[in-house]
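Observations on chain architecture
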Amino acid sequence: MTLVKFNEGKNRSLARPGFDDIFESIFNDTFLSDRMISRVPAVNISETDSHYHIELAAPGLNKEDFKIDLDRDVLSISAEKQSEQSDKKYNKCEYSYNSFVRSFTLPDSADDASIEAVYTDGVLKINVTKKEEAKTASRRIEIK
């Protein structure tokens, strides 16, 4: 037996009552819509005088699930996790495997020899040190 949700809103078609609702319920199902769009973690990128900071929200993973690679000036962050098999008999199981890859091109001012990463509380934090010549000394400019 399949359950189909019907939309009782005012946008119902008088010529085809119920027809549009069936297709709307199929294509608006969270199981399908979640798989139709690419799922990648959200990222915040910030900059201080001495570092670039990348924060990637990836809850539910362990630090062992991540792989961080640097190829020339491209920093790639990937993760892969497969849920463990169990003896349970599921009526519906929507998760079993998660993976993603995010890549970032580092600017010339980044010191690729000094990159640190920490994963705590579902957030992967990567700090990239700037090269000495890129660190700006602040000063006030006098207007003449």
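Quantities reported herein were computed from a predicted structural model and do not represent experimental measurements.

Even without being glycine, R72 reaches a positive phi, approximately 60 degrees. Take R72: it is sitting in the loop between strand 3 (66–71) and strand 4 (74–82). In this structure R72 comes out as exposed when scored by relative accessible area, which is 75%. In this structure, D121 is a non-glycine residue whose phi angle is positive, near 50 degrees. Mapping D121 onto the fold places it in the loop between strand 6 (110–120) and strand 7 (123–130). A residue is classified by how much of its surface remains accessible, and D121, at 82% relative accessible area, is exposed.

Relative to strand 4, strand 3 runs antiparallel, the two being bridged by 6 bridges. Bridging across to strand 4, L70 finds its partner in L75. The turn joining strand 3 and strand 4, which pair antiparallel and follow one another in sequence, is formed by 2 residues; a positive phi near 60 degrees is taken by R72.

For the rest of this paragraph, the subject is the nonpolar core. L56, L61, F66, I77, F100, L124 and I126 are the most contacted members of the largest nonpolar core, which totals 17 residues. Residues within four places of F66 in sequence aside, it is in contact with L56, A58, L61, I77, S78, A79, F100, Y119 and L124.

On the basis of which strands lie adjacent, the open sheet formed by 4 strands has the order 1-2-7-6 and antiparallel pairing. With partners counted over all chains shown, the strands left at the sheet margins are strand 1 (43–47) and strand 6, one partner each. Averaged over all adjacent pairs, the angle separating strand axes in this sheet is 15 degrees, with direction ignored. Relative to strand 7, strand 2 (residues 51–57) runs antiparallel, the two being bridged by 7 bridges. Among the inter-strand pairings, I54 is bridged to a residue of strand 7, identified as I126.

Tallied over the entire structure, the rule returns 2 aromatic pairs. Ring plane angle 70 degrees and centroid distance 6.4 Å describe the contact between F66 and F100, whose orientation is recorded as edge-to-face. Residue F66 is found in strand 3, and its partner F100 is found in strand 5 (residues 97–105); the two are separated by 34 residues along the sequence. Given the relative accessible area of 12%, F66 is considered buried. Relative accessible area serves as the criterion here: at 10%, F100 is assigned to the buried category. Within the aromatic cluster, the residues linked to one another by ring pairs are F66, F100 and Y119. Above the face of the Y52 ring, K130 is positioned so that its terminal group lies 5.0 Å from the ring centre.

Turning our eyes to something else, we now look at the environment of E55. In this fold, E55 is placed in strand 2. Overall, the relative accessible area of 32% leaves E55 in the partly exposed class. Expressed as a C-alpha distance, the spacing of E55 and P41, which sit 14 residues apart in the sequence, is 9.8 Å. Excluding its chain neighbours within four sequence positions, the residues that come into contact with E55 are A42, V43, N44, V123, L124 and K125.

What counts and what doesn't
Residues numbered from 1 in each chain as written. Predicted model: local features only at pLDDT ≥ 70, side-chain atom pairs only at ≥ 80, totals over all residues. Heavy atoms only, no water. Helix = DSSP H or I, 4+ residues; strand = E, 2+ residues; numbered from the N terminus. Buried < 20%, exposed > 50% of the residue type's maximum accessible area, 1.4 Å probe, protein only. Pairing = 2+ DSSP bridges. Core = buried A, V, L, I, M, F, W, Y, C linked by side-chain atoms within 4.5 Å. Contact = heavy atoms within 4.5 Å. Axes fitted to C-alpha atoms, helices over the stretch in contact; angles between N-to-C directions. Phe/Tyr/Trp six-rings, centres within 6.5 Å; stacked < 30°, edge-to-face > 60°. Lys NZ or Arg CZ within 6 Å of the ring centre and 35° of its normal.

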